[in-house]
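Residues per chain, in single letters:
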Amino acid sequence: MNRHILSLYFIMGSNNTNESPVHVLQQAIEGGITCFQFREKGHGALVGKEKQQLARELQQVCQANGVPFFVNDDLKLALELEADGIHVGQDDIPVREIKKLAPASMLVGVSAKTLEEAKSAVEDGADYIGTGPMFITSTKEDADVPVGPERIRFLREEGMTLPIVGIGGIDEKNAHHVLEAGADGIAVISAISMSRHPKQATSDLKKILMENGRNE
Ligand SMILES: Cc1ncc(COP(=O)(O)OP(=O)(O)O)c(N)n1
Ligand SMILES: Cc1ncsc1CCOP(=O)(O)O
Ligand SMILES: [Mg+2]
């Protein structure tokens, strides 16, 4: 996997925006996101056919623009849609199980905040890790206490070479700390999805990536 696809990683579900998710995703793509994760969970989240339908619509927008489409948590949905990737956490379906059931081409990301979890991710064949929360976030209902960009610096110092995406409370003001600590990319929800101008918000983040040498 080319780690540059992770540099501006946008995540969204229907309850992360007051606008049409399709419109927000289109704007984010115009602004320059490099990949997208469909994360339909939390208060008021769609389920069943409605969830699947929205996933399909968002996937089509991604496909039309050459943006990799990831599914959060839901392996069944990822397989049905032949998604480009799936992201799971420590309490979700294990990476090893996914590797048995999914096509080899499906990228697998896993949340890892300790060195042990990161090493397991490598052993299990994960393509990247998501580390966070970097900062305080109100988007994830069950978010842990922030670990800060220092955690990414620590993982790098300990020799972790797997691509790392920082997540949680990242915005245009603090994104540079995450990149300076050694992240390949930043994963954001509200900084784009709740912005009044999602395209501009994305361009602003893109500029910070460029300033920090993540310009491919
Ligand atoms: C890129 C990325 N990193 C981390 C997460 C968080 O996953 P998880 O810990 O399973 O929490 P939920 O998102 O499922 O609530 C993520 N989704 N994406
Ligand atoms: C899914 C997730 N995992 C850790 S923090 C978080 C929420 C990120 O949302 P935001 O970018 O709005 O803080
Ligand atoms: Mg999860």
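Remember, predicted model here, so these are calculated numbers, not experimental data.

About the cut-offs
Residues numbered from 1 in each chain as written. Chains lettered and ligands numbered in written order. Predicted model: local features only at pLDDT ≥ 70, side-chain atom pairs only at ≥ 80, totals over all residues. Heavy atoms only, no water. pLDDT = per-residue confidence, 0-100. Phe/Tyr/Trp six-rings, centres within 6.5 Å; stacked < 30°, edge-to-face > 60°. Helix = DSSP H or I, 4+ residues; strand = E, 2+ residues; numbered from the N terminus. Buried < 20%, exposed > 50% of the residue type's maximum accessible area, 1.4 Å probe, protein only. Near = heavy atom within 4 Å. Polar contact = N/O pair within 3.5 Å; in protein donor to acceptor, adjacent residues only side chain to side chain. Areas by Shrake-Rupley, 256 points an atom, 1.4 Å probe, with all protein chains shown as cover. Nonpolar A, V, L, I, M, F, W, Y, C, P; charged D, E, K, R; others polar.

Caption draft 1: Just the confidence of the model for the protein chain, in detail. Chain-level pLDDT for the protein chain is 97 on average; 100% of the residues reach the 70-or-more range. For this predicted complex, the interface confidence comes out at an ipTM of 0.99, alongside a pTM of 0.98.

Caption draft 2: Expanded view of the packing of aromatic side chains. All chains considered together, the criterion is met by five aromatic pairs. With 5.5 Å between their ring centres and 40° between their planes, Tyr9 and Phe70 make a pair best called tilted. Taken together, the positions of Tyr9 in strand E1 (residues 8–12) and Phe70 in strand E3 (residues 69–72) put the pair 61 residues apart, joining distant regions of the chain. You can call Tyr9 buried: its relative accessible area is 1%. Between Phe10 and Phe36, the aromatic rings sit 5.7 Å apart at their centres with planes inclined by 50°, giving tilted as the arrangement. Of this pair, Phe10 sits in strand E1 while Phe36 sits in strand E2 (residues 35–38), and the two are 26 residues apart along the sequence.

Caption draft 3: Quick look at the site of ligand 1. Around ligand 1, the structure places 15 residues, and the nearest of them are Arg39, Lys41, Asp92, Ser111 and Lys140. Within the side chain of Gln37, an N or O atom sits 3.1 Å from a nitrogen atom of ligand 1. At 2.8 Å, a side-chain N or O of Lys41 approaches an oxygen atom of ligand 1. In isolation ligand 1 offers 420 Å² of accessible surface; the protein chains occlude 90% of this area. Broken down by secondary-structure element, the contributors of at least two residues to the shell around ligand 1 are E1 and strand E4 (85–88). Class assignment for the residues of the shell around ligand 1 results in four nonpolar, six polar and five charged.

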